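The chain contents come next:
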Amino acid sequence: MSKMKKCVFCEIVNGTSPCYEVYKDDYVTAFLDINPVSIGHTLIVTNKHIERLDDIKDNQIANALMNSLIIVSKKLIKSGICKDFTVIQDNGYWAQQDIKHIHFHIIPRHKDEKIVLKLETDFVAAENKNLLKTWEKIKLHERL
């Protein structure tokens, strides 16, 4: 972190920036998003600065992330904030990752809301020949 600009998520984890914390353990911290798209919109970040999901090398961190997604989702449901939710996570520039620190969004969902998350199918990618090529490429790198 020394050569990087300040990371707001590291500041929150370290207690130098305030947050509305809803969960914390040795590996992750969860807190309310200050720019929520719905009431209860929560972020889960790694306590250690890691930029992308594919940069995780520690299984304890990986497991803690999944466990925290389940724990925080249950907290949102048990509190009556929501019954349904969406989990979103971006990695890298083209994925529109805004803060270069792993973070998951848990977004409570409600009837008649204005949130629309609809991904259009890439029909060329969906062609069987292209699915086969993609599968072969993935399987080839599995052996390397």
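As shown above, the structure is provided for reference.
Residues numbered from 1 in each chain as written. Predicted model: local features only at pLDDT ≥ 70, side-chain atom pairs only at ≥ 80, totals over all residues. Heavy atoms only, no water.

Undergrad: Now, about the overall build of the chain: what can you tell me, with residues and values included?
TA: Scanning the chain from N- to C-terminus turns up 3 helices and 5 strands. Counting from the amino terminus, the chain carries its helices and strands in the arrangement α-β-β-β-α-β-β-α. Projected onto its principal axes, the C-alpha positions of the chain cover 50 × 45 × 25 Å. Looking at the chain as a whole, 33% of its 144 residues qualify as buried. Here the analysis covers contacts within the chain between residues at least 6 apart in sequence; of these, 52% occur between residues at least 24 apart. Charged side chains of the chain number 21 positive and 19 negative; the gap between the two group centres comes to 1 Å. (Helix = DSSP H or I, 4+ residues; strand = E, 2+ residues; numbered from the N terminus. Buried < 20%, exposed > 50% of the residue type's maximum accessible area, 1.4 Å probe, protein only. Contact = heavy atoms within 4.5 Å. Lys, Arg positive; Asp, Glu negative; His and termini not counted. Charge placed at Lys NZ, Arg CZ, Asp CG, Glu CD.)

Undergrad: Summarise the packing of aromatic side chains; cite the residues concerned and give the values.
TA: For the coordinates displayed, the defined rule picks out 2 aromatic pairs. The interplanar angle of 85° and the centroid separation of 4.8 Å between the aromatic rings of Tyr-93 and Trp-94 together place this pair among those described as edge-to-face. The same class applies to Tyr-93 as to Trp-94, namely exposed. (Phe/Tyr/Trp six-rings, centres within 6.5 Å; stacked < 30°, edge-to-face > 60°.)

Undergrad: Can you explain the nonpolar core? Please cite residues and give values.
TA: Ile-44, Leu-65 and Val-72 are the most contacted members of the largest nonpolar core, which totals 16 residues. If you list the elements that add at least two residues to this core, you get strand E2 (28-32), helix H2 (59-78) and strand E5 (103-109). In terms of residue count, H2 provides more of this core than any other element does, 6 residues in total. Phe-9, Ile-12, Val-13 and Leu-43 belong to the second-largest nonpolar core, a separate cluster that totals 8 residues. (Core = buried A, V, L, I, M, F, W, Y, C linked by side-chain atoms within 4.5 Å.)

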